[in-house]
Amino acid sequence: MTTWDSLYARRATRMRASEIRELLKLLDRPDVISFAGGIPDPALFPAREFKQAYSDILGGPEAERALQYGISEGSIRLRQWIVEHMGELGVSCNLENILITSGSQQGLDYIGKLFLSEDDTALVQWPTYLGAVQAFNAYELHFERLEPRANLDASDYLARAEEKGGAVKFAYLSPDFANPTGLSLDLEERKRILSLAGDLACAVIEDAPYQSLRYDGEPVRAMLALDCDCNGGIENSRTLYCGSFSKSLSPGLRLGWICAASEVISRLVLIKQASDLNTPVLNQEAMARVAETKFESHTARTNAIYRDRRDAMLAALEKHMPAGTSWTRPEGGMFIWVELPEELDASDLLERSVETAKVAFVPGRAFHPDGSGGNTLRLSFSCADTGKIEQGISRLGALISETVMSRQ
């Protein structure tokens, strides 16, 4: 019998796939109100528009091309829409600055392949997106804490990276409505990160899957746009922008993109060719048609619904959470980050919550590369209606209050 554990690459042992599978099972339990999944509400997908797009493609002269292999860079029609979309975000770019990926998660994996070697360092927000930690962990790197609101000293980062035998390769962050906190960076914080990256001579990875999900406040200029402003255009920029259609139109089609200097894109295209040749052409062509006609109106409609759900969750937290509990107040996205009294552990609480309160959430420790954050948790409001939100937060608040009282 093969002893697989002895054959796996050492990096594989750092994954947390089993933990994630257990959490995903909770989404299928009809008796549990789930605030766990960071996913869009499937009832809001533009299914009719996609059905028409696929029908038009397969019933017309483009059917053969849509069912054939495609170029690794991606559909010209879809990339052209992205070029125009990036222009609206303040980024002047061309087709050669865009690579279509099979979801933005694939983009993160490719970026890891391109930049990371063993013992290199990545700067990340704390907490940060678990999917990024998983993607980058495969390359046996080190994570350093990135605090946009603090004084950032490049020399400290460089010294610690050198001690570990590698280099600082990039700063990874989600500046708009980050997963898991829901928080955004203001203009000065974005500029501070870009300045630090310049001092470190490293890249900046701007992960922006929630950028279009704004409910309040004024949009802040994209970091890639700020980088282009300061350095004479995208070809001189150090920022890679990772966009996605998963949160706005459909996650099932697995479509995202990377926008960056053409030299970087050309290297990522080689990785794409070696990985899966190309993202399915049929899906790209359908997405292009729906994005061209429905992106603005659809996101406006879904944002209004998500805004109501966010407001309902914030009101319920205010009403039901005990003293000593705090939470973020995001202007968009899908998440609210909760900090419990220090003596509580969210992982222990989850087990009791699912069995007794019938409420699911994601414990916050998974989002901390060092395993800290035991008293934190992530709530998602995207897939529960306002009635379920009130009911679920009421139950969760009662359980937390009971747990706090039992420890006094």
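The following paragraphs examine the structure supplied in this document.

Here is what the cut-offs are and how they apply
- Residues numbered from 1 in each chain as written.
- Predicted model: local features only at pLDDT ≥ 70, side-chain atom pairs only at ≥ 80, totals over all residues.
- Heavy atoms only, no water.
- Pairing = 2+ DSSP bridges.
- Helix = DSSP H or I, 4+ residues; strand = E, 2+ residues; numbered from the N terminus.
- Polar contact = N/O pair within 3.5 Å; in protein donor to acceptor, adjacent residues only side chain to side chain.
- Contact = heavy atoms within 4.5 Å.
- Salt bridge = Lys/Arg side-chain N within 4 Å of Asp/Glu carboxyl O.
- Buried < 20%, exposed > 50% of the residue type's maximum accessible area, 1.4 Å probe, protein only.
- Expected span 1.5 Å × (residues − 1).
- Arc of directions from axis to C-beta.
- Axes fitted to C-alpha atoms, helices over the stretch in contact; angles between N-to-C directions.
- Parallel < 35°, antiparallel > 145°, perpendicular 65-115°, else oblique.
- Left-handed = near helix turned anticlockwise from the far one by under 90°.
- Nonpolar A, V, L, I, M, F, W, Y, C, P; charged D, E, K, R; others polar.

The next thing to look at is the sheet that holds strand β10 (residues 335–339). A sheet is described by the order of its strands in space; here four strands give the open sequence β9-β10-β13-β12, paired in antiparallel fashion. Two strands lie at the open edges of the sheet, namely β9 (326–327) and β12 (362–363), each paired on one side alone. Examined bridge by bridge, β9 and β10 share two bridges and lie antiparallel to one another. By the bridge assignment, tryptophan 327 is partnered in β10 with valine 338.

Take glutamine 125: it is sitting in the loop between β3 (121–124) and α6 (130–137). Only 3.0 Å separates the side chain of glutamine 125 from the backbone nitrogen of serine 174, close enough to count as a polar contact. Apart from the residues lying within four places of it in its own chain, the contact partners of glutamine 125 are Leu146, Tyr172, Leu173, Ser174 and Leu185.

For the rest of this paragraph, the subject is the pattern of salt bridges. Counted under the stated rule, the structure contains 24 salt bridges. Ionic pairing is found between lysine 358 and aspartate 31, a salt bridge with its closest N-O pair at 3.4 Å. Residue lysine 358 is located in the loop between α12 (346–357) and β11 (359–360), and its partner aspartate 31 is located in the loop between α1 (17–26) and β1 (33–34); the two are separated by 327 residues in the primary sequence. A relative accessible area of 24% places lysine 358 in the partly exposed class. Residue arginine 310 is joined to aspartate 311 by a salt bridge in which the shortest nitrogen-to-oxygen separation is 2.7 Å. Put simply, Glu62, Arg65, Glu285 and Arg289 are held in one network by salt bridges that share partners.

Here we take up helix α13 (residues 386–406). Between its terminal C-alpha atoms α13 stretches 30 Å, which fits the 30 Å expected from 21 residues at 1.5 Å a residue. For α13, the full list of buried residues reads Ile389, Gly392, Ile393, Leu396, Gly397, Leu399, Ile400, Thr403 and Val404. The buried side chains of α13 occupy one side of the element, clustering within an arc of 165° when seen end-on. Away from its buried face, by an angle of more than 90 degrees, α13 presents the exposed residues Met405 and Ser406. Against the buried residues of α13 lie β1, α11 (281–320), α12, β11 and β13 (376–380). If you check the start of α13, you find a side-chain oxygen 3.1 Å away from the backbone N of glycine 387, and it comes from aspartate 385.

The next point concerns the packing of α11 against α13. One can describe the packing of α11 onto α13 by two numbers: an axis separation of 9 Å at closest approach and a directional angle of 30°. By the angle between their axes, α11 is roughly parallel relative to α13. Seen from above, α11 lies across α13 with right-handed handedness. Contacts between α11 and α13 pair Asp308, Arg309, Ala312, Met313, Ala316, Leu317, Lys319 and His320 from the former with Thr386, Ile389, Glu390, Ile393, Ser394, Gly397 and Ser401 from the latter. Split by residue class, the contact of α11 with α13 holds six nonpolar, five polar and four charged.

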